[in-house]
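# A closer look at the structure
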Amino acid sequence: MNEPLHRALGLTDDEAVNIDEILDRPANPLELAMYSVMWSEHCSYKSSRIHLKRLPTEAPWVLVGPGENAGVVDVGDGIAAAIRIESHNHPSAIEPYQGAATGAGGILRDIFTMGARPIALMDPLRFGPLDDPRSRWIAEGVVAGISGYGNAVGVPTVGGETVFDATYKGNPLVNVLCLGLLPTDRLVLGQASGVGNLAVLLGNATGRDGIGGVSVLASAGFSEEDDGDKRPSVQVGDPYEEKRLIEACLALLDEKLVVGIQDLGGAGLACATSETASRGGVGMDVDVTAIPRREPGMEPHEVMTSESQERMLAIVEPEVLARVLEICARWEVQATVIGRVTDGGALRILEGFEGPVLADIPASSLHDLAPLYERPLKAPEEPLGPSADQLAAPVDPGAELMDLLQDLSWVYSQYDHQLFLNTVVGPGDDATVLRLKHPTTGEDTGRGLALTTDGNHRWCAVDPRAGTALVVAESVLNLACVGGRPLAVVNCLNFGNPEHPEVMWQLSEAIDGMSEACLAFDVPVVGGNVSLYNESAGNDIAPTPVIGLLGLVDELSHRPPGAVLKEGHRLVLLGPEAEGLGGSLWGATHDAPGGDLPALDYEMHRRVAALVRQLVADQMLGGVHDLSSGGLGVALAEMAARSGVGVSLARTPDHRALFNEGPSRVVLVVDPERLTEVLAACDEAEVPTARIGLATGQRFVVKDLLDLSLEELTAAFKSPLPEALGAGTTNR
Amino acid sequence: MKFSALVDVRLRGGISDPAGATIERALPALGYQGVEGVTVGKTIRFTLEAETLTEAQTMAEELCESFLTNPVIEDAEVTVEEAS
Amino acid sequence: MTVTVGVVVFPGTNCEADALEAVTSLGAQGRLLWHGESDLGDVDAVIVPGGFAHGDYLRPGAIARFSPVMEGVAKFAAKGGPVVGICNGFQVLTEAGLLPGALQKNKGLKFLCQPSVLRVESANSVLTSQAKVGDELSIPINHFEGNYTCSEETLKQLQDEDRIVLTYVDNPNGSLGNIAGVCNETRNVVGLMPHPERACHELLGSMDGAVLLRSLLAS
């Protein structure tokens, strides 16, 4: 094999020339390895950065916007919230348990890196269909991994989504969001400063984890025992190590012992050392021999690029080193001085602080000079498929409605979602509500945080721009249903292969749709993650931007009503009329995924959200649920199955009224004695209403369309996941 | 014929083993010095019906590869013998 | 006089702050007891809270029971001091031999975080003295290894001596005899898998845990 080394490392010829120009000499193999991991798509966002700039990122309450380890917003009472979302899609496809576990571990570190105590995780998950054994194997393993790691590390998993669809067969989406709280005055940034300060590596020893990309550099000697290609690219998470690391790091921050702190994630030490140095405008000398190793015989390029889990890099002044080591010892966290802050901006890798220089590169060049691609875009020429509007009415609408139901409690009952005594509304509802307590004093503010994640690949496949805007709108309405007003968005952009112009077009359109909606709702984007190359067997996944929306409940004096029915209550549908079936869940199950998406009227949407928020705050409702996937039919069926109360709906024109997914619509469950008052409030807010029926009895009836027993409806809701996921799985 | 199989599953070389490491770290405090190389795995035992020992071995290994382990992180040693 | 509750912290414990918040909301004051110290100081009651002490590696509680703090807890219990182990704390107390039996993996082989309804079987323990036999309490569970098991003789002894203090109305995890909580012979050490501290606030949906923790504070 005469392939040049840079290509084997995944660098293009142009990128290699660029590196030599930066260094003004040919790069050595260690340097090339470091550039290759730092300039990878995963670390540099080289395909997406140019588009991400178009997102609105500013608001008076934003303390830290995109580009740091997490976004931070001021939530009042001297408290700031740090939030971030990430993907761990590819690792989860080959080792679901550990892929998902280490995904949770990684994002927790991003949050406590900012000085925040992580208080909640959310997991938006997307898997292949339930009738595919490997997809079931992945789903079971991912859920077990989140449960195994999240529960043990002691951070509750308070919500998320779980979607099964053929587009994710072979390429699941495992996204994870983390929320943390910090006293506003403790905000720390991942930067080094102060020449002579020390870089201390905390946590796990470094092994040959996740160095697949640079394993071509392995010396022949290693191959005698083990083939290079079999070297572990999958990492095993250790929640116990992470728990101690969290406590140790927060203790260091409480005592103000660190100048800066940075987690080790993708690209390991190469990234953490260069990032802290370049953010602080300084350089760093790293003694590669000082780094504790898990295995003998590791080479410098392996040590510098290893993605071993549960490690942090703290920058500390020499005078406080002894105290730092003492705190780490108390928490049984290994702490080792591995580097020194220098002036001049060079990142030097040395064999012993006074020993030979193995690499010498401008620290900032690994980040600031990373390539930026404006890849070609092209709208697809072929339409997505027929529109469900052209389909005949179903023969048995009741059966079809039941086919769309899926209770996700099989998933979230495996997650500790109550730790810290904050969870007022947990997983399974429109949005999560957490009590807002001060992170260090524990004082209850009497207010709440509301949190939701949303995505809809069917809408985004039809029209990535309008579809993404609809997803943001849905998030806003989800928060309103629990009484929350939106504060900040984070996004996880899951797309296919960026070398396909159609995929780049989808990405660009989705970003424009998100910008438009965020501006319309006055919510800044404070962070995000881009996951590209989501494809299997040459097929790109449907575009799947996932939104995490954080909001505030200004007065949390009672539990929101939730998506439930109450016997004898009236059902009122809020919002504009809608009837098209383009991009709907019902259409997708009939091989008719195309058509036109329903139009979104921002002005109307804002009015509906404000009205619902007020009604919830005023305790006017017996129940509330926004309409999304599956439309009115699925929303009411979920409410009925959860509460054991039936529904009697007035006549609707046809199945389209049941299954269309028009935006800005919410079902209100209203005590008859309050009905006049509620309707008056709706009129005043200039929001259209329709009195559609009654919550009552043990049947689910839509006049002249369907009539189901509550028992069969509930079974249809509750059984799909336990039945499919108890049915045996295989990794083939 | 009936065969009995014993599958000894352990993490592949180089994969981190937090359970093993934690147990090893706890031992000195309990007064056990010099215990090293603790690893945690699992064993799975079953019997199976096959014509020959080779067939039984193949079947057990296949089961092991596709279901009992994830070869990405785990190695397994499969021992099959005639059931007594 | 304000009651002081000591809450044990092993590395990997995660419910210590919740236990403190709950007992504080009931008028007591709380203090954390670090696992490395065998002297408990001046405490009136001890909670061994939930979590994953030492990562639950090997077996839940297997490593934690050797911590110096457990010597202190054993001495405190031997003198009649009230001790409650919640969830992982229950597992630690069984491993340490302060309570009989063991906790196996749930019969469904899945972690379970969900509501549960408990029946008070005995009001004669430090955790149930203010409840009435037959009371039904809504208190959540949150565990993977909560399936209580013991020998037939032990079960008979527990029954004969009225030492099964709480049972599940709808057994979620396969526990022998639907057992959710047991006490020792002298009734001052109680272990239970459900989390009473998670049911002490109106906003969290249940206040039923308060009767149990109040019993502890009163004993």
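Residues numbered from 1 in each chain as written. Chains lettered and ligands numbered in written order. Predicted model: local features only at pLDDT ≥ 70, side-chain atom pairs only at ≥ 80, totals over all residues. Heavy atoms only, no water.

### What to know about the overall build of chain C
Looking only at helices and strands, chain C features 5 helices and 13 strands. In terms of overall dimensions, chain C has C-alpha extents of about 40 × 35 × 35 Å along its principal axes. Expressed as a percentage of the 219 residues in chain C, the buried residues total 61%. Sequence separation of 24 or more characterises 74% of the internal contacts of chain C that already satisfy a separation of 6 or more. About 8000 Å² of surface is accessible on chain C, with carbon and sulfur atoms providing 49% of the total. Considering chain C, the positive charge centre built from 15 side chains and the negative charge centre built from 24 side chains are found 3 Å apart. (Helix = DSSP H or I, 4+ residues; strand = E, 2+ residues; numbered from the N terminus. Buried < 20%, exposed > 50% of the residue type's maximum accessible area, 1.4 Å probe, protein only. Contact = heavy atoms within 4.5 Å. Areas by Shrake-Rupley, 256 points an atom, 1.4 Å probe, with all protein chains shown as cover. Lys, Arg positive; Asp, Glu negative; His and termini not counted. Charge placed at Lys NZ, Arg CZ, Asp CG, Glu CD.)

### Focus: the packing of aromatic side chains
Enumeration over the complete set of coordinates arrives at 7 aromatic pairs over all chains. Where W331(A) meets W34(C), the ring centres are 4.8 Å apart and the plane angle is 80°; that geometry is what we call edge-to-face. Highlighted residues: W331(A) in the loop between α13 (321-330) and β11 (335-342) and W34(C) in strand β2 (residues 29-34), drawn from two different chains. Both residues of the pair, W331(A) and W34(C), count as buried. Note on F521(A) and Y602(A): the rings are 5.5 Å apart at their centroids and 70° apart in plane angle, and the pair reads as edge-to-face. One end of the pair, F521(A), is in helix α18 (residues 501-521); the other, Y602(A), is in helix α20 (residues 602-617), and 81 residues separate them in sequence. Above the ring of Y240(A), the side-chain terminus of R244(A) is found at 4.2 Å from the ring centroid. Taking NZ or CZ as reference, R340(A) lies 4.1 Å from the ring centre of F353(A), over its face. (Phe/Tyr/Trp six-rings, centres within 6.5 Å; stacked < 30°, edge-to-face > 60°. Lys NZ or Arg CZ within 6 Å of the ring centre and 35° of its normal.)

### Focus on the sheet that holds β2(C)
Residues and elements named next belong to chain C. Ordered by their spatial adjacency, 9 strands build an open sheet running β2-β1-β3-β4-β13-β12-β11-β7-β8, and the pairing between neighbours is mixed. Where the open sheet ends on each side, the last strands, each with one partner, are β2 and β8 (136-138). The sheet shows a mean angle of 20° between the axes of neighbouring strands, direction not considered. Bridging between strand β11 (residues 164-168) and strand β12 (residues 179-183) involves 3 bridges; their strand directions are antiparallel. Residue pairing in the sheet places T167 in a bridge with I179 of β12. (Pairing = 2+ DSSP bridges. Axes fitted to C-alpha atoms, helices over the stretch in contact; angles between N-to-C directions.)

### Overview of the sheet that holds strand β27 (residues 699-702) of chain A
Residues and elements named next belong to chain A. Ordered in space as β23-β25-β22-β26-β24-β27-β28, the 7 strands form an open sheet in which the pairing is mixed. Two strands close off the open sheet at either side, each with one partner strand: β23 (623-626) and β28 (706-709). Taking each pair of neighbouring strands and ignoring which way they run, the sheet shows an average axis angle of 20°.

### Describing the interface of chain C and chain B
In this assembly, 5 residues from chain C lie in contact with 6 residues from chain B. A buried area of about 480 Å², summed over both sides, lies between chain C and chain B, and 91% of it is on carbon and sulfur atoms. Looking at the side of chain C facing chain B, the largest losses of area belong to Y57(C), I63(C) and F66(C), adding up to 80% of the total buried there. Linking chain C with chain B are 0 salt bridges, by the criterion used here. At the boundary of chain C with chain B, the tally comes to 0 residue pairs in polar contact (both at pLDDT 80 or more). Residues of the side of chain C that touches chain B, tallied by class, amount to 4 nonpolar, 1 polar and no charged. (Buried area = accessible area lost by both parts, 1.4 Å probe. Salt bridge = Lys/Arg side-chain N within 4 Å of Asp/Glu carboxyl O. Polar contact = N/O pair within 3.5 Å; in protein donor to acceptor, adjacent residues only side chain to side chain. Nonpolar A, V, L, I, M, F, W, Y, C, P; charged D, E, K, R; others polar.)

### Some words on the confidence of the model for chain A
The predicted model of chain A averages 93 in pLDDT, with 96% of residues at 70 or higher. Low confidence marks residues 219-231 of chain A, where pLDDT is under 50. Its contacts with residues over four positions away, or in another chain, come to 13 contacts. (pLDDT = per-residue confidence, 0-100.)

### A look at the environment of A22(C)
Residues and elements named next belong to chain C. Turning to its location among the elements, A22 is positioned in helix α1 (residues 16-25). Overall, the relative accessible area of 3% leaves A22 in the buried class. Residues A22 and A199 lie 177 residues apart in sequence; the distance between their C-alpha atoms is 8.7 Å. Once residues lying within four places of it in the same chain are set aside, the contact partners of A22 are E197, C200 and L213.

### Let's talk about the nonpolar core
Grouped together as the largest cluster of nonpolar side chains are 64 residues, with contacts concentrated most on F521(A), L574(A), V608(A), V612(A), V624(A), V666(A) and L668(A). In this structure L574(A) touches V608(A), L611(A), V612(A), S664(A), R665(A), V666(A), L668(A), C682(A), V687(A), P688(A) and T689(A), once residues within four positions along its chain are discounted. (Core = buried A, V, L, I, M, F, W, Y, C linked by side-chain atoms within 4.5 Å.)

### Description of the environment of A277(A)
All names here are of chain A. With respect to the helices and strands, the residue A277 is situated in helix α11 (residues 268-280). By relative accessible area, which is 0% here, A277 ends up buried. As a C-alpha pair, A277 and A192 span 85 residues in sequence and 5.2 Å in three-dimensional space. Not counting residues within four places of it along the chain, the set of residues in contact with A277 comprises A192, V282, G283, M284 and A363.

### Side note on the interface of chain A and chain C
Listed per partner, the contact involves 33 residues of chain A and 27 residues of chain C. A combined buried area of about 2500 Å² lies between chain A and chain C, and 58% of that area is made up of carbon and sulfur atoms. Three residues, Y240(A), Q418(A) and L421(A), lead the burial of chain A against chain C; their summed loss comes to 25% of the area buried on that side. For the interface between chain A and chain C, the tally reads 3 salt bridges. Ionic pairing is found between E21(C) and R435(A), a salt bridge with its closest N-O pair at 3.0 Å. One can count 12 residue pairs in polar contact (both at pLDDT 80 or more) joining chain A with chain C.

### Here we look at the packing of helix α21 (residues 631-643) of chain A against helix α24 (residues 710-718) of chain A
Residues and elements named next belong to chain A. Viewed as axis vectors pointing N to C, α21 and α24 meet at an angle of 100°, and their least axial separation amounts to 9 Å. The angle between the axes of α21 and α24 places the two elements in the roughly perpendicular class. The segment α21 lies against α24, with A637, E638, A640, A641 and R642 engaging L710, L713, T714, F717 and K718. Of the residues contributing to the contact of α21 with α24, the split by class is 6 nonpolar, 1 polar and 3 charged. (Parallel < 35°, antiparallel > 145°, perpendicular 65-115°, else oblique.)

### Structural notes on unusual backbone geometry
Unlike most non-glycine residues, L421(A) shows phi in positive territory, near 55°. With respect to the helices, strands and loops of the structure, L421(A) is situated in the loop between α15 (409-412) and β14 (423-425). Unusually for a residue other than glycine, D162(C) sits at a positive phi of about 60°. If you trace the backbone, D162(C) turns up in the loop between α4 (152-160) and β11. A relative accessible area of 35% means that D162(C) is categorised as partly exposed.

### Section: the pattern of salt bridges
Residue and element names in this part refer to chain A. With the rule as written, the count across this model stands at 45 salt bridges over all chains. Residue R84 pairs with D110 through a salt bridge whose shortest N-O separation is 3.0 Å. Residue R84 is found in strand β3 (residues 79-87), and its partner D110 is found in helix α7 (residues 96-112); the two are separated by 26 residues along the sequence. Both residues of the pair, R84 and D110, belong to the buried class. In this structure, the salt-bridge partner of E354 is R340, at a minimum N-O distance of 3.8 Å. Separated by 14 residues along the polypeptide, E354 in the loop between β12 (346-350) and β13 (357-362) and R340 in strand β11 bring together distant segments of the chain. Taken together, the shared-partner salt bridges in this structure form one network comprising R208, D209, R294, E295 and E302.

### Side note on the pairing of strand β15 (residues 432-437) of chain A
Regular strands place side chains that alternate from one sheet face to the opposite one. All names here are of chain A. Among the 6 residues of β15, 6 are classified as buried, and the element is accordingly described as predominantly covered. In terms of strand pairing, β14 meets β15 through 2 bridges, oriented antiparallel. The residue bridging T423 from the neighbouring strand is L434, located in β15. Pairing between β15 and strand β16 (residues 444-454): 5 bridges, direction antiparallel. Paired with K437 across the strands is D444, a residue of β16. Hairpin connection of β15 to β16: 6 residues between the antiparallel strands, including G442 at a positive phi of 80°.

### Description of helix α10 (residues 239-254) of chain A
Since there are 3.6 residues in each turn of an α-helix, residues three or four apart along the chain are aligned in direction. Residues and elements named next belong to chain A. Taking 1.5 Å per residue as the helical rise, α10 with its 16 residues ought to reach 22 Å, and the 22 Å between its terminal C-alpha atoms agrees with that figure. Most of α10 is tucked away, with 15 of its 16 residues classed as buried. Note on α10: the residue one or two positions beyond its end, K256, has a positive phi of about 55°. (Expected span 1.5 Å × (residues − 1).)

### Re the pairing of β16(A)
All names here are of chain A. With respect to burial, β16 is a largely interior element, 8 of its 11 residues being buried. With 7 bridges connecting them, β16 and strand β21 (residues 544-553) associate as antiparallel partners. Note that in β21 the partner of A450 across the bridge is G551.

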